[in-house]
Amino acid sequence: MSDTHTVTLRFADGVSREVAVGAGQTVLDAALEAGVPVLHQCRSGSCSSCLAHLADGEAPIRPGASSTLMPHELAGGQRLLCVTQARGDCTFDLGYGSEEGSQPEVEAHAFVNAIEPVASNVVKVSLELAEGSWLSFRPGQFVQIEVPGAEVLRSYSPVSIESALPNIELLIRLLPQGAMSTWLTCGAKVDDVVKLKGPYGAFFLREKKRAPHIFVAGGTGLAPVLSMIDRIHQIGGRKPPMLLAFGCATPDQLFYLDELELRRQWLPTLQTRVCVDREATEGLVSGSPVSTLTAEDVTDPETVAYLCGPPGMMDAATARLTELGVKPENIFAEQFVASH
Ligand code: FES
């Protein structure tokens, strides 16, 4: 029996590519060697950028590798291609078009234009790409920033959209002793220069989908979601019904409520629910954004959901939306894992 297997990668735009995957090789490595544009970033099973759905065949996780997928997600056919091998010929479906993964990673420099607190533990950082630098991204994708002086990388999804370039806005949660937080609160000043890399990630707006949209955001997970909503506002034509459920732990940690109000005015099809786990005051829902989701929110079987927040919330939202009838292939999620 041959040690090399034929893996078919089917993109959402109908393009299909066949790749020879050798023994001990991961599907991602084989795809990239063959020049197939599969989205990826960490290459170690932790960022979910290379998520695919096994449609046919047997494809186990590489021995010794770990993945952020839950057992039920693996059983349902989800795979992270950077830690997946082929045990025979198999076929994977990718949730994006063949053009989308071909966006090259670039490095850029940017000036700090402003750092403004927007909540008790969140700051808005406004950057402007330096002349000669350019870094575009899809709404929802993330970039990495090298923390000046600490030489470590931190990942953030811009809250702004591509058309605002060369300006990029980030919402950054301040973490005690966090490398970026320490720099932002103790060292950073206007006109400092930071190094960026990107874009990364398969969590981005599928612009062709016109079915109702549900967005679930926890904390600064609001950033990529607002970028998507702003992009929908920018695209011409009829807007889909949209529901945004956004939550933080306490009212002092909430931010961008005026910006949400503004978007409700721009987009009559947008409904918002703002939640806090504790100390709810008037106008706020007590509980997590997931707790607000009801059967009335999913009346169209093609409903699309975008989830961004801490892992527990993502798992709960995925389970709830699946229970309410959203198809797994229409649920797109990005976990925010705090990096100190
Ligand atoms: S590239 Fe990050 S999980 Fe595969």
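Just so it is clear, the structure is predicted and the values come from calculations on it, not from any experiment.

Caption draft 1: The arrangement of the overall build of the protein chain in detail. From N to C terminus, the protein chain includes six helices and 17 strands. Relative to the compact-globule value of 20 Å for 340 residues, the protein chain shows a C-alpha radius of gyration of 20 Å, a close match. Overall size of the protein chain, expressed as C-alpha extent along the three principal axes, is 65 × 50 × 40 Å. Considering the protein chain as a whole, with its 340 residues, one finds that 51% of them fall into the buried category. Put simply, of all contacts in the protein chain between residues at least 6 apart along the chain, 69% involve residues at least 24 apart. Element-wise, carbon and sulfur atoms account for 50% of the exposed surface of the protein chain, whose accessible area totals about 15,200 Å². In the protein chain, 26 positive and 40 negative side-chain charges are present, and the distance between their average locations comes to 2 Å.

Caption draft 2: Local environment of the domain arrangement of the protein chain. In terms of domain boundaries, the protein chain breaks down into domain 1 (5-101), domain 2 (104-200) and domain 3 (213-335). Contacts between domain 1 and domain 2 engage five residues on the former and four residues on the latter. Summing the contributions of domain 1 and of domain 2, the shared interface buries around 380 Å²; its carbon and sulfur component is 43%. Together, Gln 41, Ser 49 and Glu 100 form the three largest contributors to the area buried by domain 1 at its contact with domain 2, with a combined 78%. Summed over the shared surface of domain 1 and domain 2, the result is zero salt bridges. Run the count over domain 1 and domain 2 and you get zero residue pairs in polar contact (both at pLDDT 80 or more). Of the residues belonging to the side of domain 1 that touches domain 2, the class tally is no nonpolar, three polar and two charged.

Caption draft 3: Spotlight on the nonpolar core. Core analysis: the largest hydrophobic core is formed by 33 residues, its most contacted members being Phe 215, Leu 222, Leu 244, Phe 246, Phe 255 and Tyr 306. Elements that contribute at least two residues to this core include exactly strand E12 (213-218), helix H4 (222-234), strand E13 (242-248), strand E14 (270-276) and strand E16 (304-309). Per-element tally for this core: the top contributor is H4, with seven residues. Once residues lying within four places of it in the same chain are set aside, the contact partners of Phe 215 are Val 225, Met 228, Ile 229, Ile 232, Met 242, Leu 243, Leu 244, Ala 245 and Tyr 306. Of all hydrophobic cores here, the second largest spans 28 residues; its members include Val 38, Leu 80, Cys 82 and Tyr 96.

Caption draft 4: Fine view of the pairing of strand E5 (residues 90-93). Inspection of the sheet shows strand E1 (residues 5-10) paired to E5 by four bridges, in the parallel sense. Bridging across to E5, Val 7 finds its partner in Cys 90. Where strand E3 (residues 51-56) lies against E5, three bridges are found, and the strand directions are antiparallel. Bridging from a neighbouring strand, Leu 54 pairs with Phe 92 of E5.

Caption draft 5: Spotlight on the sheet that holds strand E4 (residues 78-80). In space, the five strands of this open sheet follow the order E2-E1-E5-E3-E4, with mixed pairing throughout. Looking at the sheet topology across the chains shown, the edges are occupied by strand E2 (16-21) and E4. On average, each strand axis in the sheet is inclined to that of its neighbour by 35 degrees, with strand direction left out of account. Relative to E2, E1 is paired through six bridges, and the arrangement is antiparallel. Note that in E2 the partner of Leu 9 across the bridge is Arg 17.

Caption draft 6: Region of the structure containing helix H3 (residues 179-187). Of all the positions in H3, only Met 180, Ser 181, Trp 183 and Leu 184 are classed as buried. Mapping the buried residues of H3 onto a view down its axis gives an arc of 165 degrees, with all of them on the same face. The exposed residues of H3 that point more than 90 degrees off its buried face are Thr 185 and Cys 186.

Caption draft 7: Representation of the UniProt feature "domain: FAD-binding FR-type" (unreviewed entry) in the protein chain in the model. Sites flagged by UniProt as "domain: FAD-binding FR-type" (unreviewed entry) map to residues 105-206. End C-alpha atoms of residues 105-206 are separated by 20 Å, and the span's content is 9% helix alongside 45% strand.

Caption draft 8: Structural detail: the packing of aromatic side chains. In the structure shown here, the tally under the stated rule is seven aromatic pairs. For the pair Phe 246 and Phe 255, a centre-to-centre distance of 5.4 Å together with 70 degrees between the ring planes defines the contact as edge-to-face. For the pair Phe 246 and Phe 255, one class covers both residues: buried. Each ring, one from Tyr 306 and one from Phe 332, has its centre 5.3 Å from the other, and the planes form 25 degrees; the classification is stacked. One end of the pair, Tyr 306, is in strand E16; the other, Phe 332, is in strand E17 (residues 331-335), and 26 residues separate them in sequence. In this structure an aromatic cluster arises from ring pairing among Phe 203, Phe 215, Tyr 306 and Phe 332. In this arrangement the basic side chain of Arg 138 is found over the ring face of Phe 204, its NZ or CZ atom lying 5.4 Å from the centre. A cation over a ring is seen here: Arg 206 above Phe 204, with NZ or CZ 4.1 Å from the ring centre.

Reading the values: the criteria
Starting afresh in each chain, residues are numbered from 1 along the sequence in its written order. Local features in this predicted model are restricted to residues whose pLDDT is 70 or higher, and side-chain atom pairs enter the listing and the counts only when it is 80 or higher, whereas totals over whole chains, interfaces and linings include all residues. Water and hydrogen atoms play no part in the side-chain values, which are based on all heavy atoms of the structure. The numbering of helices and of strands both runs from the N terminus, where a helix is a DSSP run of H or I of at least 4 residues and a strand a run of E of at least 2. Radius of gyration: over C-alpha atoms. The globule rule applied is 2.2 Å multiplied by the number of residues raised to the 0.38 power. For every residue, the accessible area (1.4 Å probe, protein chains only) is compared with the maximum for its type, and the residue is labelled buried under 20%, exposed over 50%, or partly exposed between those bounds. Contacts were defined at the residue level, with two residues in contact if any of their heavy atoms lie within 4.5 Å. Using a 1.4 Å probe, the Shrake-Rupley method yields the accessible areas, and only the shown protein chains count as cover for residues. We count Lys and Arg on the positive side and Asp and Glu on the negative side, and we leave His and both chain ends out. Every charge is mapped onto a representative atom, which is NZ of Lys, CZ of Arg, CG of Asp or CD of Glu. The split into domains, and so the bounds of each, comes from an automatic or database assignment of domains. When two parts are put together, the accessible area they lose, computed with a 1.4 Å probe and summed over both, is reported as buried area. The term salt bridge refers to a pairing of a side-chain nitrogen on Lys or Arg with a carboxyl oxygen on Asp or Glu at a separation within 4 Å. Any pair of nitrogen or oxygen atoms within 3.5 Å is treated as a polar contact; in protein, a donor-acceptor pairing is required on top of that, and neighbouring residues in sequence qualify only through side-chain atoms on both sides. Residue type decides the class: Asp, Glu, Lys and Arg count as charged, Ala, Val, Leu, Ile, Met, Phe, Trp, Tyr, Cys and Pro as nonpolar, and the leftover types, Gly among them, as polar. Definition of nonpolar core: a set of buried residues of the types Ala, Val, Leu, Ile, Met, Phe, Trp, Tyr and Cys, connected through side-chain atoms within 4.5 Å. Being paired, for any two strands, means DSSP has found at least two bridges between them. For helices, the fitted axis covers only the stretch in contact; all axes are lines through C-alpha atoms, and the angles between them, taken along N-to-C directions, range from 0 to 180 degrees. In this description, one arc is meant: the one made by directions from the helix axis to the C-beta atoms. UniProt positions are given in the numbering used here, feature names are shortened, and annotations may be inferred rather than shown by experiment. To pair, rings of Phe, Tyr and Trp, with the six-membered ring standing in for Trp, must have centres within 6.5 Å; the planes then decide the type, stacked if under 30 degrees apart, edge-to-face if over 60, and tilted in the middle. Whether a charge sits over a ring comes down to the Lys NZ or Arg CZ being within 6 Å of the ring centre and within 35 degrees of the ring normal.

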